[in-house]
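Here is how the chains run, residue by residue.
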Amino acid sequence: MCIIGLMALAGCKKDEEKTKDTIKISNGTSVTLYSGDRHQISASSISAISYSSGNDFCAKVNSTGQVTANHVGNTSISLRNNDDTKSVRVTVKAESNLYTEPRISFGDSKSTVESKLGTPDEINNGNYFYRNYSSVVDLLMVSFENGKVEGYALSVKTSYASELGTFLFERYAYYGEIDDYLMYGNAFSVSDATKLVGVRTNYSYIAVMYIPNLSSKGNVIMGEMNDILTKNVMQE
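Residues numbered from 1 in each chain as written. Predicted model: local features only at pLDDT ≥ 70, side-chain atom pairs only at ≥ 80, totals over all residues. Heavy atoms only, no water.

A. Representation of the pairing of strand E7 (residues 66–69) within the structure. The sheet contact formed by strand E3 (residues 38–40) and E7 spans three bridges and is antiparallel. Along E7, the bridge assignment pairs His39 with Val67. Here strand E6 (residues 59–61) pairs with E7 via three bridges, running antiparallel. Bridge pairing in E7 links Ala59 to Ala69. (Pairing = 2+ DSSP bridges. Helix = DSSP H or I, 4+ residues; strand = E, 2+ residues; numbered from the N terminus.)

B. Structural detail: the environment of Gly36. Secondary-structure assignment places Gly36 in the loop between strand E2 (30–34) and E3. Overall, the relative accessible area of 51% leaves Gly36 in the exposed class. Sequence spacing of Gly36 and His71 is 35 residues, and the spatial spacing of their C-alpha atoms is 8.3 Å. (Buried < 20%, exposed > 50% of the residue type's maximum accessible area, 1.4 Å probe, protein only.)

C. Spatial organisation of the packing of aromatic side chains. Applying the stated rule across the entire model yields eight aromatic pairs. Both rings, one in Tyr128 and one in Phe144, keep their centres 4.9 Å apart while their planes meet at 65 degrees; by these two values the pair is edge-to-face. Here Phe144 lies in strand E12 (residues 137–145) and Tyr128 lies in strand E11 (residues 127–131), a separation of 16 residues in the sequence. A relative accessible area of 4% means that Tyr128 is categorised as buried. On the basis of an interplanar angle of 45 degrees and a centroid distance of 5.0 Å, the ring pair of Tyr174 and Tyr184 is categorised as tilted. Taken together, the positions of Tyr174 in strand E14 (residues 173–178) and Tyr184 in strand E15 (residues 181–185) put the pair ten residues apart, joining distant regions of the chain. The exposure class assigned to Tyr174 is partly exposed, which follows from its relative accessible area of 37%. Members of the aromatic cluster, joined through ring pairs, are Phe106, Tyr152 and Tyr210. (Phe/Tyr/Trp six-rings, centres within 6.5 Å; stacked < 30°, edge-to-face > 60°.)

In structure tokens form, the structure reads like this:
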């Protein structure tokens, strides 16, 4: 009787293994898209599959598994049913690589900035200036408060105005015109953004200013950087 019982138990386990509802993805577990592209995940299982994105700002997914690329970055699309979980890695690439955004963070020290960008060409009133930053950007300015980065700004040549729009739209959400600046940010709504990007045309160049979302201080910082940038561009 014991042997029969053990055999029955083993049979049950085999049945459980056979009936596990595995999600099968037939068109790959990674995909590279450009902003605005769509990709249909082809997946099947016995029960219904639910889809969710780890970062909607980068790429969103609907209830049928159609992925829409939003902004440059990486995220994972999760697929779930009653028994199984799978994921598809999504990379959103940029079509425009107009310039390399400075790889510095708000709050970085001066020594950290120098380790990332090198020795500045000029230091004026505590601000760092890097001239001829690229073929597109004549001047990069890094602004400090109490020895920490509070923002940075670039002067982009006006001949690149059209591509600059594409460059920013691929990376940031556009909020419209705020206090004479075309305003972008790294979240769908201004209130959720941690980084704001203000754009303003000044004389013979376009100022692109990056600041943390500090609400009350943001306009002040941006205005000050715009004035300083203008004075230094005019000196060139």
